[in-house]
Amino acid sequence: LLSLARAAAPAMEPGASIVAISSLGSQRVLKDYVLVGASKAALETIVRYLAVELAPRGIRVNTVSAGLVETDALDHFPNREQMLEAGRKRTPAGRLVEPDDVAAAVAFLCSPDAEMVRGHVLTVDGGFSLLA
């Protein structure tokens, strides 16, 4: 993200946005997720730095941290089905996050309505992370 943002920023107009995609594993310890979780934590830190660095150019930088989304990425986890079942049971919204939920959050962060949202991690998880 850092190299890409620095390469793209000179061509970006004021009011433009960069939105990174993270996950709950950046802040929570998840089974079989150490490498991805650590990389997502680093990604969120880079977003905060870029938000400050690019603010004078009028470029917003934020992150969407998605909860459990049923995608092909879950095929890499040996406990995929258990993760999905636990996610469905635990999520207060009563369903898993869908790709359109993540896309809607990204669209908001790219909209003029998010002008003063900078360096933020917007969690889209249906309330999953609220429970102890």
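Scroll up a little and you will see the structure.
Keep in mind that this is a model prediction, so the values were computed, not measured.

Engineer: Honestly, the pattern of salt bridges in this entry has me stumped. Any pointers?
Structural biologist: Two side chains of opposite charge can pair, provided their charged atoms sit close to one another. Under the defined criterion, the tally for this structure stands at 10 salt bridges. For arginine 95, the salt bridge goes to glutamate 98, with nearest N and O atoms at 3.9 Å. The exposure class assigned to arginine 95 is partly exposed, which follows from its relative accessible area of 39%. Among the residues examined, glutamate 98 registers a relative accessible area of 42% and is labelled partly exposed. The partner of arginine 118 in a salt bridge is glutamate 115, and the shortest N-O contact between them spans 2.8 Å. On the accessibility criterion, glutamate 115 (35% relative accessible area) is partly exposed.

Engineer: So what exactly am I meant to see when it comes to the side chain of asparagine 62 here?
Structural biologist: Structurally, asparagine 62 can be placed in strand β2 (residues 60-66). Look at asparagine 62 and you get buried, because its relative accessible area is 0%. A distance of 3.1 Å separates a polar side-chain atom of asparagine 62 from the backbone nitrogen of glycine 119. Polar contacts involving the side chain of asparagine 62 include one to the main-chain amide nitrogen of histidine 120, which spans 2.8 Å. Once residues within four sequence positions are removed from consideration, asparagine 62 is found in contact with Ile18, Val19, Ala20, Val47, Leu109, Val117, Arg118, Gly119 and His120.

Engineer: Any chance you could explain the sheet that holds β2 here in plain terms?
Structural biologist: Paired through their backbone hydrogen bonds, the strands of a sheet run either parallel or antiparallel. Taken in spatial order, the 3 strands line up as β1-β2-β3 in an open sheet, and their pairing is parallel. Of all strands in the sheet, those with a lone pairing partner are β1 (17-23) and β3 (121-124), marking the two edges. Strand-to-strand, the axes of this sheet are offset by a mean angle of 25°, without reference to chain direction. Two elements, β1 and β2, share 7 bridges in a ladder whose sense is parallel. Opposite isoleucine 18, over in β2, you have valine 61 as the bridge partner. This element, helix α2 (residues 34-54), spans β1, β2 and β3 of the sheet and lies at about 160° to β1. Across the face of the sheet, helix α4 (residues 99-110) comes into contact with β1, β2 and β3 while running at roughly 165° to β2.

Engineer: Even after reading the chapter, I still don't get α4, so can you show me in this structure?
Structural biologist: Since one α-helical turn is 3.6 residues long, residues separated by three or four positions face the same way. When the terminal C-alpha atoms of α4 are compared, their 17 Å separation across 12 residues agrees well with the 16 Å that a helix rising 1.5 Å per residue should span. Within α4, burial applies to Val102, Ala105 and Leu109. In an axial view of α4, the angular spread of the buried residues amounts to 60°, which keeps them on one side of the axis. What points out from α4, more than 90 degrees from its buried face, is the exposed set Pro99 and Asp100. Along its buried surface, α4 packs onto β1, β2 and β3.

Engineer: When you look at the environment of glycine 37 in this model, what are you seeing that I'm missing?
Structural biologist: Tracing the backbone shows glycine 37 in helix α2. The spacing of glycine 37 and cysteine 110 is 73 residues in sequence and 25 Å in space, taken between C-alpha atoms. When neighbours within four sequence positions are excluded, glycine 37 is seen to be in contact with Gly25 and Ser26.

Calculation criteria
- Residue numbering note: each chain is counted from 1, following its sequence as written.
- Thresholds applied to this predicted model are a pLDDT of at least 70 for local features of residues and 80 or more for the giving and counting of side-chain atom pairs; totals over whole chains, interfaces and linings are not thresholded and use all residues.
- Each side-chain value is worked out from all heavy atoms of the structure, with water and hydrogens disregarded.
- Should a side-chain nitrogen of Lys or Arg be within 4 Å of a carboxyl oxygen of Asp or Glu, the pair is scored as a salt bridge.
- For each residue, the accessible area found with a 1.4 Å probe, counting protein chains only, is set against the maximum for its type, and the residue is called buried under 20%, exposed over 50%, and partly exposed in between.
- In this description a helix means any DSSP run of H or I spanning at least four residues, a strand means any run of E spanning at least two, and both kinds are numbered starting from the N terminus.
- Pairs of N or O atoms within 3.5 Å make up the polar contacts considered here, provided that, within protein, one atom can donate a hydrogen while the other can accept it, and that residues adjacent in sequence are counted only when both atoms are side-chain atoms.
- By the convention used here, residues are in contact when the closest approach between their heavy atoms is within 4.5 Å.
- By definition, two strands form a pair when at least two bridges between them are found by DSSP.
- Think of each axis as a best-fit line through the C-alpha atoms, taken over the contacting stretch in the case of a helix, with angles from 0 to 180 degrees between the N-to-C directions.
- Multiplying 1.5 Å by the helix residue count minus one yields the expected span of that helix.
- Think of the arc as the fan of directions from the helix axis to the C-beta atoms.

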